[in-house]
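# A closer look at the structure
So you can see what is in the structure, the chains are spelled out below.
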Amino acid sequence: MDFVESLKVSFGALRSNKMRAALTMLGVIIGVTAVIMLISLGEGAKKYIQDQFVGIGSNLLIITPGKLETRGGPFPAGETVHRITYGDAEAIKKHCRSVIEVVPVIIGASSVKYANRSRDTTVIGVTENFPRVRNLHVEIGSFFKEEDVDAKRRVVVLGRRVKTELFRESNPLGQWVSIGEMKFRVIGIMERKGVSLGFDIDDLVFIPVRTAQELFDVDRLFEIIAQAKSEKDVDTAKEEIVYLLSKRHDNNEDFTVTSQAAILSSLLTILDVFTWVLGGIAAISLLVGGVGIMNIMLVSVSERTKEIGVRKAVGARRGDIMYQFVIEAVVLSVSGGAFGILFGNLGAFGLRAVIPALPVTVSLWTVLLGFFFSAGVGIFFGVYPAYKASGLNPIDALRYE
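Presented here is a report on the structure given in the accompanying data block. (Residues numbered from 1 in each chain as written. Predicted model: local features only at pLDDT ≥ 70, side-chain atom pairs only at ≥ 80, totals over all residues. Heavy atoms only, no water.)

### A short note on the overall build of the protein chain
Each helix and strand counted, the protein chain has 13 helices and twelve strands in total. Taking all 401 residues of the protein chain together, the buried fraction comes to 46%. Pairs at least 24 apart in sequence give 79% of the contacts found in the protein chain among residues at least 6 apart. (Helix = DSSP H or I, 4+ residues; strand = E, 2+ residues; numbered from the N terminus. Buried < 20%, exposed > 50% of the residue type's maximum accessible area, 1.4 Å probe, protein only. Contact = heavy atoms within 4.5 Å.)

### Considerations on helix α3 (residues 86-95)
All buried positions along α3 are accounted for by Y86, D88, A89, A91 and I92. At its buried positions, α3 is contacted by β1 (60-65), β2 (99-114), α5 (146-150), α7 (209-216), β11 (223-228) and α8 (234-248).

### Brief notes about the pattern of salt bridges
Applying the stated criterion across every chain, the model contains nine salt bridges. A salt bridge links R248 to D88; the shortest N-O distance between them is 2.7 Å. With R248 in helix α8 and D88 in helix α3, this pair connects stretches of sequence that are 160 residues apart. One continuous salt-bridge network, built from bridges that share partners, spans R119, E165 and D203. (Salt bridge = Lys/Arg side-chain N within 4 Å of Asp/Glu carboxyl O.)

### Notes on the nonpolar core
If you look at the biggest cluster of nonpolar residues, it comprises 63 residues, and the most contacted ones within it are I63, I92, I179, F206 and I241. Considering each element in turn, this core owes the most residues, seven residues, to β2. In contact with I179, not counting residues within four places along its chain, are S110, S111, V112, V123, V156, F184, V205, I207 and L215. (Core = buried A, V, L, I, M, F, W, Y, C linked by side-chain atoms within 4.5 Å.)

### So, a negative patch on the surface
A surface patch of like charges, here negative, comprises E90, E146, E147 and D150. It is α5 that contributes the most residues to the negative patch, three residues altogether. With respect to the secondary-structure elements, D150 resides in helix α5. For D150, a relative accessible area of 46% puts it in the partly exposed group. (Patch = residues over 30% accessible without salt bridge, like charges linked within 9 Å, V, L, I, M, F, W, Y side chains within 5 Å. Areas by Shrake-Rupley, 256 points an atom, 1.4 Å probe, with all protein chains shown as cover. Lys, Arg positive; Asp, Glu negative; His and termini not counted. Charge placed at Lys NZ, Arg CZ, Asp CG, Glu CD.)

### What to know about the packing of α3 against α8
For the pair α3 and α8, the least separation of the axes is 10 Å and the interaxial angle reads 135 degrees. Here α3 lies oblique to α8, going by the angle between them. When the axes of α3 and α8 are compared, the crossing they make is right-handed. Only I241, L244, L245 and R248 of α8 make contact with α3, whose side of the interface consists of G87, D88, A91, I92 and H95. Split into classes, the residues belonging to the contact of α3 with α8 amount to five nonpolar, two polar and two charged. (Axes fitted to C-alpha atoms, helices over the stretch in contact; angles between N-to-C directions. Parallel < 35°, antiparallel > 145°, perpendicular 65-115°, else oblique. Left-handed = near helix turned anticlockwise from the far one by under 90°. Nonpolar A, V, L, I, M, F, W, Y, C, P; charged D, E, K, R; others polar.)

### Considerations on the pairing of strand β3 (residues 117-126)
Within a regular beta strand, the side chains point alternately toward one face of the sheet and then the other, so they alternate between its two faces. Direction of pairing for β2 relative to β3: antiparallel, over a ladder of nine bridges. When the bridges of β3 are listed, I106 appears paired with G125. Remark: two residues form the turn of the hairpin made by β2 and β3, two consecutive strands paired antiparallel; A115 in that turn has positive phi of roughly 55 degrees. (Pairing = 2+ DSSP bridges.)

Given below as structure tokens:
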């Protein structure tokens, strides 16, 4: 019996028991659907994280106080005996040839007040080049300039949410707000950015870093952001920074330089593990579906014992019988896999409709994984029933009632 004829016989056997076949395929359908949706969700999360990192600048190096022997991103510096200073930032800018931009950063929490309205928020002290480095731009007014930083001027740029809650619909430019015990003149409003990597960019205010030192009464920095000239210069820039700061800190490497790519790589590694764990959990449904296929095929062997005896009596070989039952098991699993791929795609598109910001897409390799996995399940769980059918004695099979 050739392959086409075997397929015809297989579909005929399935049509004669439509409900049983449908229920048998259900486990495979659920398994393949779950595998495709969950892996697509994981891949979408990875794409989202990558887009977020691209959106906050490129070729960046983050210098934080304290030596952190980890492979991931730097932890917040907090209170530590190690320090990086504004002078360190100036030295990097002056002496590191592979670096084109340097942003010293101070971060603190304070209340921002206007008239009878007040809001607790995060205050970021930076320099004039921060918008270029972090790809965050002013929509109304302007960001402060280099002379504002040097002169320690009390000017502030508000995030969108802070502006709305303090000023409602009125124009804040030129108005004075209180941050802590200091008065600041509003010179700009940042463009709406939303949440990025867990931080609400619209709920921040920006002031000159030298002014922030006075506001929070500190001489240390939270971090320094350095931007390399290009992607290929990142490693060189890192080496230059480590060498320079080690000399400035008495040959003591009491700081950590982490590249943007290293932070991203660490996050993507975590997401890869998460994705495959989700896929593995979903694959259990496929295994359950495979057990269902084996059970149904064993029932089918019992029901068709006489048919097997007749085929053997007219010359069918043991391999022919085994081949026939394996084909039927594969047809069941692949049919279920095809429906699972269809529903998995529909589910992925549904997720994208519900969460537009999450770029959920079904890649070709995910579809192929679902297809070949379902076919493999059919072969694996169909072999034993097929082997049992092929081993029946034709005389006993013909006498079977």
